[in-house]
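# Chain and residue survey
So you can see what is in the structure, the chains are spelled out below.
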Amino acid sequence: KKVRSVESSRSSNVDDIYRIAENSAEALMFTINKESLTLGIPLKDLQIREDVIIACIIRKNKIIYPSGADSILCNDQVLIVTTNKLFDDIDDVLEAK
C-alpha cells in the first residue's frame, strides 16, 4: 500500500514509499539529483547502513539489479528497502560520519 509521496513531505526527496512486511519495513524510490553523495561511487565502496538494501536501479527505463561494481548516476531511480522509517533522501542510506 502506498502511504506517502513527495507532496506529503515538502523537504523529502522520496518519489514513492510503501510499507511492507506488516509495517516493519519500507520500500522507497528516489530519483537521484546531481548533489547526491552517492553519485559515481561503486556500491561496494559506499558506506551503506546495515539496515538498507539497494534493490534495483532504474536507468533509462532499464532495470539493473546492482552488484558491488555498479554505481548510481544522476537521474537514476533507486529502489531501497529498509527497516528505518526516517529516510527523506537517498544520502540517508549512508553511514553517518
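So, a few notes on the structure that sits alongside this text. What you are looking at is a predicted structure, and each value in this text was computed from that prediction instead of being measured. (Residues numbered from 1 in each chain as written. Predicted model: local features only at pLDDT ≥ 70, side-chain atom pairs only at ≥ 80, totals over all residues. Heavy atoms only, no water.)

Here we come to the overall build of the chain. Along the backbone of the chain there are zero helices and six strands. The secondary structure elements of the chain, listed N-terminal to C-terminal, are β-β-β-β-β-β. By the burial criterion, 34% of the 97 residues in the chain qualify as buried. In the chain, 59% of the contacts between residues at least 6 apart in sequence involve partners at least 24 apart. Only carbon and sulfur atoms are counted for the fraction: they give 50% of the accessible area of the chain, which is about 6200 Å². (Helix = DSSP H or I, 4+ residues; strand = E, 2+ residues; numbered from the N terminus. Buried < 20%, exposed > 50% of the residue type's maximum accessible area, 1.4 Å probe, protein only. Contact = heavy atoms within 4.5 Å. Areas by Shrake-Rupley, 256 points an atom, 1.4 Å probe, with all protein chains shown as cover.)

For Pro-66, the position within the fold is in the loop between strand S5 (62-64) and strand S6 (77-82). The class of Pro-66 is partly exposed, set by a relative accessible area of 21%. Residues Pro-66 and Ala-55, eleven residues apart in the sequence, show an inter-C-alpha distance of 7.3 Å. Among residues more than four places away in sequence, those in contact with Pro-66 are Leu-43, Ile-54, Ala-55, Cys-56 and Ile-57.

One non-glycine residue, Lys-60, lies in the positive phi region at around 50 degrees. Checked against the element boundaries, Lys-60 lands in the loop between strand S4 (52-59) and S5. What makes Lys-60 exposed here is its relative accessible area of 80%. With a phi close to 75 degrees, Asn-75 is a non-glycine residue in the positive phi region. Turning to its location among the elements, Asn-75 is positioned in the loop between S5 and S6.

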